[in-house]
Amino acid sequence: MKFSVLLENVTKTYGEKNNEVPELLYWLGLSQTYLRNHEAALESFHKGLKINKDLYGEKNPKDSKFHLGIGKMYEQRSQLEEALAYYTKAKDSCLSHNFSYEDLMNCWLCIGNVQTSLGRFEEAKQALSNSLELTIQAYGEKNIHVANIYLSIGNLHKSQGQFQKALIHFITAMDLIKDQPVNLHFLSICFNLIGDCYMKLGAYKDSLEMFQRALKVTIQCFGQNHYEVGFGKIGIGMALHRLNQYEEAIQSLETGIKLIKNTAGGLQPDVANAYTELGSIKRAQGRWNEARDYYQKTLDINYQIYGDNHPTIAFSLYHLGSLCINMKEFDNAEKYLEHALKLFLKFHGENFPNTAYCLDHLGTVNNNKQNFEEADQEGLHVLSSLHRIVEVNTVSDR
């Protein structure tokens, strides 16, 4: 029986102020969140939370799951600060009562994931460490719960440009559940994440193979018309682009964008990533005005999701700035690149490759604007940064 029908029957029989009603509203909200019916989910969670408070008091341990549900809904809508606020409420509710390990570990995991998305890497690291410690205490070391946290820690490394470390964590997550019943959805997530790391590491054929495996499993789980199928199509499009299969890449990216827009709306990080990829394809084809349109779409979406102080914004500005050099719009290039450089330095430091690339491009800008003294200084910064990057990589390889 559907949760909505069951809820209606229980309400008619026992009235709304019954302890079964908030529980049913919670599960109804979860199912609506899963279907990305966000407004309906929000209404169910808030209604359940209100009845729960009426039944058990203003602050009670049952509030935490409603706060988690509302946070998950906001996270899906890329309203990350709102999601973090509700996840924090859920955590505080757990800590102020006799919490279960499962409730609190989920709170820390959700907080860690959102902090990663917000570029607050130290806070994310601490939250995920808390979640991992509680999860191992509750379930031991080899299970799906621990594996999920390894995926989150891997994603934290990936967000910081540490792709080898990320790859190790993703593969470890798969290894942790190899002796357990197959979880197809978990496998599809792993394949996608591993595929993305392979792509960042330049192993494009391996990346394409992983994305294709992920898509096959995702379709087994959800059918053809689902947000995650769109995500898979975008991954395949990215890999095809890097293999110089431009027309196939464009077709896959556009299909992915359409699927995500139809199932989750256009204000999604994956749509922004796909626009960046389309912009880079148009740029490689010499169609610079079209490339700029796509890069600008990416920047607009990312500003709406993250605000103007986030590492993702740095990459969007970098793409626009380097494109403006191709178009000989050196004033615009300088504006975008200087802003990008400040963000790269803030979030990733001097040893990050894109920091050096920004400095290199700014040297090109200054040369073309005949600011030779500034260009020479930028060149020295680039050499210094590249030396540090080589030293860091050499040490990490030992």
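Definitions and cut-offs
- Residues numbered from 1 in each chain as written.
- Predicted model: local features only at pLDDT ≥ 70, side-chain atom pairs only at ≥ 80, totals over all residues.
- Heavy atoms only, no water.
- Helix = DSSP H or I, 4+ residues; strand = E, 2+ residues; numbered from the N terminus.
- Buried < 20%, exposed > 50% of the residue type's maximum accessible area, 1.4 Å probe, protein only.
- Contact = heavy atoms within 4.5 Å.
- Areas by Shrake-Rupley, 256 points an atom, 1.4 Å probe, with all protein chains shown as cover.
- Polar contact = N/O pair within 3.5 Å; in protein donor to acceptor, adjacent residues only side chain to side chain.
- Salt bridge = Lys/Arg side-chain N within 4 Å of Asp/Glu carboxyl O.
- Expected span 1.5 Å × (residues − 1).
- Core = buried A, V, L, I, M, F, W, Y, C linked by side-chain atoms within 4.5 Å.

How would you summarise the overall build of the chain if you had to cite specific residues and measurements?
Secondary structure assignment for the chain yields 19 helices and zero strands. By the burial criterion, 48% of the 398 residues in the chain qualify as buried. Residue pairs at least 24 apart in sequence account for 57% of intrachain contacts in the chain once pairs closer than 6 positions are excluded. Of the accessible surface of the chain, which amounts to about 19,700 Å², a share of 50% is contributed by carbon and sulfur atoms.

I'd like a rundown of the side chain of Lys91, residues and numbers included.
By the secondary structure assignment, Lys91 is in helix α5 (residues 80–95). A polar atom in the side chain of Lys91 sits 3.1 Å from the side chain of Asp92. When sequence neighbours within four positions are dropped, the list of residues in contact with Lys91 reads Leu104, Cys107, Trp108 and Ile111.

Describe the pattern of salt bridges, with residues and values.
A full pass over the atoms with the stated rule returns 13 salt bridges. In this structure, Asp196 and Lys158 form a salt bridge, with 2.8 Å as the shortest nitrogen-oxygen distance. You can see Asp196 sitting in helix α10 (residues 184–200) and its partner Lys158 sitting in helix α8 (residues 144–159), a full 38 residues away along the chain. Lys158 shares its class with Asp196; the two are buried. One salt bridge connects Asp175 with Lys178, and the closest N-O pair in it is separated by 3.2 Å. The class for Asp175 is partly exposed, based on a relative accessible area of 36%. Salt bridges linked by common partners bring Lys158, Asp196 and Lys200 together as one network.

So what's going on with helix α7 (residues 121–139)? Residues and values would help.
Working note: α-helix, 3.6 residues per turn, so residues spaced by three or four point in the same direction. With 19 residues, α7 should reach 27 Å at 1.5 Å per residue; the first-to-last C-alpha distance of 26 Å fits that figure. On the buried face of α7, the contacting elements are α6 (101–117), α8, α16 (311–326) and α17 (330–347). Positive backbone phi, at 90°, marks Gly140, one or two positions downstream of α7.

Summarise the nonpolar core; cite the residues concerned and give the values.
Judged by nonpolar contacts, the single largest core of 55 residues is most densely connected at Ile70, Tyr74, Tyr87, Val114, Leu253, Tyr275 and Leu278. In contact with Val114, other than residues within four places in its own chain, are Glu75, Leu80, Ala83, Leu84 and Tyr87.

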